[in-house]
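# Observations on the three-dimensional arrangement
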Amino acid sequence: MAIARWSPLQELTSLHTTMDRLFGDIAENSANSGGTDLATFRLPVDIAETDSGYVIKAPVPGFKPDEVEVSLSDGVLSIKAEHKEEKTERKKNYLRREVAYGNFERMIALPNDVRGDDIKAAFKNGVLQIEVPRAPKPQPKKIQVRAEDQEQQGHKQMTAVGNNSKT
């Protein structure tokens with residue numbers, strides 16, 4: 001009898017592979033059933049904070065700029081990448097298919113300090129880059145503190161001078 005060591009990483013990898021197969025079979029069956037819609041996947045993103053705002057990067061290889069829509073509504077940034085022409089090539093000599101073909105979508109809640117009117121998006125080498133500027137943080141305002149005793153004495157002197165001039 002051989003003793004095998006339990007490896008949580010191996011078990012997790014096995015579960016991941018099984019789930020991929022399960023969802024791959026479901027997607028393939030729905031595609032074969034005559035459905036013309038492509039599957040919609042969650043778009044992976046990288047979000048970085050900069051001095052002036054945030055930079056969001058999303059890989060969208062194979063998409064044209066007119067197939068990608070970026071919008072902002074109620075503080076939520078929405079990214080949709082949809083293929084407008086649907087072509088499906090069936091080749092049976094694949095050993096493994098891991099590249100997902102379909103539509104992608106992602107919604108990101110933004111903080112309240114962003115300037116929505118100044119958001120910019122650009123395509124570069126199959127990566128969508130969105131620059132989200134934020135409003136500058138208000139700087140503290142220094143308020144001068146005066147001694148109340150001196151102010152009251154100055155006011156009394158001004159009143160006394162004013163009363164003497166009337167006589």
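Further up the page is the structure itself.
A short tour of the structure in this document, coming up. Quick caveat: nothing in here was measured; it's all calculated off a predicted structure.

### Some details on the sheet that holds strand β4 (residues 68-73)
Ordered by their spatial adjacency, 4 strands build an open sheet running β1-β6-β5-β4, and the pairing between neighbours is mixed. Edge positions in the sheet fall to β1 (40-42) and β4, since each has one partner strand and no second. Taken over all neighbouring pairs, the strand axes of this sheet differ in orientation by 20° on average, direction set aside. Two strands pair when backbone bridges link them, and strand β5 (residues 76-81) and strand β6 (residues 103-109) are joined in this way by 6 bridges, in the antiparallel orientation. The partner of Ala81 across the bridge, within β6, is Phe104.

### Looking at the packing of aromatic side chains
Applying the stated rule across the entire model yields 2 aromatic pairs. Arranged with centres 5.7 Å apart and planes meeting at 40°, the rings of Phe41 and Phe104 form a pair that is tilted. Of this pair, Phe41 sits in strand β1 while Phe104 sits in strand β6; the two residues are 63 residues apart in sequence, bridging distant segments of the chain. Judged by centre distance (5.9 Å) and plane angle (75°), the rings of Phe63 and Phe104 are edge-to-face. Note that Phe63 is positioned in the loop between β3 (53-59) and β4 and Phe104 in strand β6, a separation of 41 residues in sequence. One exposure class covers both Phe63 and Phe104, and it is buried. One aromatic cluster is present, formed by Phe41, Phe63 and Phe104 through successive ring pairs. Just above the ring of Tyr54 sits the side chain of Arg134; from NZ or CZ to the centre is 5.2 Å.

### Regarding the side chain of Ser78
Structurally, the position occupied by Ser78 is in strand β5. For Ser78, the contacting residues outside a window of four places in its chain are Glu69, Val70, Ser71, Arg106 and Met107.

### Quick word on the environment of Pro136
Within the secondary structure, Pro136 sits in the loop between β8 (127-133) and α2 (148-166). By relative accessible area, which is 67% here, Pro136 ends up exposed. When the C-alpha positions of Pro136 and Ser52 are compared, they lie 7.6 Å apart, and in sequence the two are 84 residues distant.

### So, the pairing of β4
In terms of strand pairing, β4 meets β5 through 6 bridges, oriented antiparallel. By the bridge assignment for β5, Val68 is matched with Ala81. Hairpin geometry of β4 and β5 is characterised by an intervening segment of 2 residues between the two adjacent antiparallel strands and by a positive phi of about 55° at Asp74.

### What about the pattern of salt bridges?
Per the stated rule, a full pass over the model turns up 2 salt bridges. Between Arg134 and Glu49 there is a salt bridge, and its shortest N-O distance comes to 2.8 Å. With a gap of 85 residues between them, Arg134 in the loop between β8 and α2 and Glu49 in strand β2 (residues 46-49) connect regions that are remote in the sequence.

Conventions and cut-offs
Residues numbered from 1 in each chain as written. Predicted model: local features only at pLDDT ≥ 70, side-chain atom pairs only at ≥ 80, totals over all residues. Heavy atoms only, no water. Pairing = 2+ DSSP bridges. Helix = DSSP H or I, 4+ residues; strand = E, 2+ residues; numbered from the N terminus. Axes fitted to C-alpha atoms, helices over the stretch in contact; angles between N-to-C directions. Phe/Tyr/Trp six-rings, centres within 6.5 Å; stacked < 30°, edge-to-face > 60°. Buried < 20%, exposed > 50% of the residue type's maximum accessible area, 1.4 Å probe, protein only. Lys NZ or Arg CZ within 6 Å of the ring centre and 35° of its normal. Contact = heavy atoms within 4.5 Å. Salt bridge = Lys/Arg side-chain N within 4 Å of Asp/Glu carboxyl O.

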